[in-house]
Amino acid sequence: MSIAFPAPDADVVARRDAIIAGLAALVAPEALVTTEDERRAFETDGLTAYRKMPLAVVLPSTTQEVSAVMAFCHANGVRVVPRGAGTSLAGGAIAQEDAIILGVGKMTRILDLDFANRIARVEAGITNLAISGAVAHEGFFYAPDPSSQLACTIAGNIAMNSGGAHCLKYGVTTNNLMGVTLVTNDGTVVEIGGGHLDSGGYDLLGLICGSEGQLGIVTEATVRILRAAEGARPALVGFSSVEDAGACTAAIIAAGIIPVAIEYMDSEAILITDDFAKAGYPRDAAAMLIIEVEGSDEECADMLARIEAIAAQFNPTSIRVSKSEAESAAIWKGRKSAFGATGRISDYICMDGTIPTGQLAHVLERIGAICAEQGLRVANVFHAGDGNLHPLILFDINKPGELQKAEAAGDAILKLCVEVGGCLTGEHGVGIEKRELMRFQYGQEDLEQQMRVRNVFDPGWLMNPAKVFPLEGRVAA
């Protein structure tokens, strides 16, 4: 195992029966998971190479129950790992033996829909896609759309500041979040932000979004909903080289055109995904862009014509514009199923780093070289428009040492992102995966300042304690 976990608190483990009895008094029997077989479903998340059995799992149904559980754990020195749907690819929801998992999966209600003011108030366990489903009848949608949007919860989206294919135009979670109900470490319930544009005082909402469950448990959220565009049309552009695709992306952005999405796939990803989704991708291309525009028919036609003119300067092997809703759905089905399609043929780790778009061609070339040095294949699928990379490093978990090679390649790729002026994460968070790499992006003084902010909310480091910050050099409250 390459990623270390802190040793469990022996005293807490020894008090397991008493802790479970205390929790049983706070929630319904069906909301408390204690047997080994049942807890095993919660021992990992999307970073499946690592597993830890939680002390217990609590699945409250209300903010009041969350508050009671948090107050109990605070009083008894029990660590808490928040969990939405467990889709975290950075290990953000992996448990510890001396910690309970507190899941919000039962909290799925729509609390209020205000179409006049374009907001929705929801419980944090609702799935990302369900918000759009709840407002679609009035012609609205919720913009952030991670690939896991069918399963991932708004709580997890807030914790990791998730984005998605359409974040180029509409922004990531923080750009679409207006307020939260937060239960702090000691059980206090606080309201931050709300159904208005901005709040007086410090931007605590910006602090909570992306905090990876270290500052409290989000139980409710007020999010921005948007009027759906009149129409949308994606185009597929194939290229003979990775460099041409990267340069074309940078040229489109530099021209002042903001499509709703620019998604990138290299040849490995094209073949893997098209074999699964039958989306009609250009199988002979070295790289491909999915470029989607939206608006009226005239607006879409105008933007696509300008994009085609720019793409023509970069030796495209093919340009195909969707002509029907069915064709558009097939194109996006391929992109949205890319991770699952890759999982059919290989084990992989999905990296997440962000770079300036002008560095795309250089970084893509280096990613290929880094993986080749480890004797591994890589499939690149990512949000090219805002430089949020998602290389899928393929390996065989049954071959000794291959996981370690994949992790070494991943570390090198993330360091490369920082070296060219980017950062360690775009939307997956730090979790356990990038925890030790934080020293590569931040100096010790920077890390200590961040940890002091964390200490204000959780001086005992009971909230998701093994995540984000390097295990050595942590600053006590």
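Remember, predicted model here, so these are calculated numbers, not experimental data.

Definitions and cut-offs
Per chain, the residues get numbers from 1 upward, laid out in the order the sequence is written. Totals for whole chains, interfaces and linings use every residue, but because this is a predicted model, local features are given only for residues with pLDDT of at least 70 and side-chain atom pairs only at 80 or more, for both listing and counting. Working from all heavy atoms in the structure, the side-chain values ignore hydrogens and water. Note: two strands are recorded as paired if DSSP finds a minimum of 2 bridges between them. Numbering goes from the N terminus for both helices and strands, where a helix is a DSSP run of H or I of at least four residues and a strand is a run of E of at least two. Helix axes are fitted to C-alpha atoms over the stretch in contact, other axes to C-alpha atoms as well, and angles between N-to-C directions run from 0 to 180 degrees. Residue types Ala, Val, Leu, Ile, Met, Phe, Trp, Tyr and Cys, when buried and joined through side-chain atoms within 4.5 Å, form a set referred to as a nonpolar core. Only protein chains enter the accessibility calculation, which uses a 1.4 Å probe; a residue whose area is less than 20% of its type maximum is buried, one above 50% is exposed, and one in between is partly exposed. Residues are treated as being in contact if the distance between any of their heavy atoms lies within 4.5 Å. UniProt positions are given in the numbering used here, feature names are shortened, and annotations may be inferred rather than shown by experiment. Angle categories are assigned with fixed cut-offs, so that under 35 degrees is roughly parallel, over 145 is roughly antiparallel, 65 to 115 is roughly perpendicular, and the rest are oblique. In a left-handed crossing the near helix is turned counterclockwise from the far helix by less than a right angle, and in a right-handed crossing that turn is clockwise. Here the term charged refers only to Asp, Glu, Lys and Arg, the term nonpolar to Ala, Val, Leu, Ile, Met, Phe, Trp, Tyr, Cys and Pro, and the term polar to all other amino acids, Gly among them.

Asker: Got a minute to help me understand the sheet that holds strand β8 (residues 177-183) in this structure?
Answerer: Each strand in a sheet pairs with its neighbour through backbone hydrogen bonds, running either in the same direction (parallel) or in the opposite one (antiparallel). As summarised here, the arrangement of the five strands in space is β5-β6-β10-β8-β9, forming an open sheet in which the pairing is antiparallel. Both outer strands of the open sheet, β5 (110-114) and β9 (189-193), are each paired with one neighbouring strand and no more. Sheet twist, expressed as the mean angle between neighbouring strand axes with direction ignored, is 10 degrees. With five bridges connecting them, β8 and β9 associate as antiparallel partners.

Asker: What is the right way to look at the nonpolar core in this model?
Answerer: Generally speaking, nonpolar side chains in soluble globular proteins are found buried as a group. Grouped together as the largest cluster of nonpolar side chains are 57 residues, with contacts concentrated most on Ile252, Tyr264, Leu289, Leu389 and Ile393. The element that contributes the greatest number of residues to this core is helix α15 (residues 402-419), accounting for eight residues. For tyrosine 264, the contacting residues outside a window of four places in its chain are Val242, Ala245, Ala287, Met288, Leu289, Leu364, Asn380, Val381, Phe382 and Ala384. Ranked by size, the runner-up nonpolar core spans 47 residues in total, among them Ile20, Ala56, Ala124 and Val180.

Asker: Would you explain unusual backbone geometry in this entry?
Answerer: Glycine aside, the phi torsion of most residues is negative, and most peptide linkages are trans. A positive phi is found at tryptophan 461, a non-glycine position, where the angle reads about 55 degrees. Mapped onto the secondary structure, tryptophan 461 falls in the segment after α17 (444-457). A positive phi angle, near 40 degrees, is found at asparagine 464, a position not held by glycine. Within the element layout of this structure, asparagine 464 appears in the segment after α17. By relative accessible area, which is 2% here, asparagine 464 ends up buried.

Asker: Would you mind showing me how to read the UniProt feature "domain: FAD-binding PCMH-type" (unreviewed entry) in the protein chain here?
Answerer: In the UniProt entry, the feature "domain: FAD-binding PCMH-type" (unreviewed entry) is given for residues 50-228. Its end C-alpha atoms 40 Å apart, residues 50-228 is made of 21% helix and 26% strand.

Asker: Would you mind going over the packing of helix α14 (residues 360-373) against α15 with me for this structure?
Answerer: Packed helices, taken two at a time, are described by their axes: the angle between them and the distance between them. Axis separation between α14 and α15 bottoms out at 10 Å; the angle between their running directions is 160 degrees. By the angle class used here, α14 and α15 are roughly antiparallel. Note on packing geometry: the crossing formed by α14 with α15 is right-handed. Residues His362, Val363, Arg366, Ile367, Ile370 and Cys371 of α14 touch α15, and the partners they reach there are Ala409, Ala412, Ile413 and Leu416. Partitioning the contact of α14 with α15 into residue classes produces eight nonpolar, one polar and one charged.

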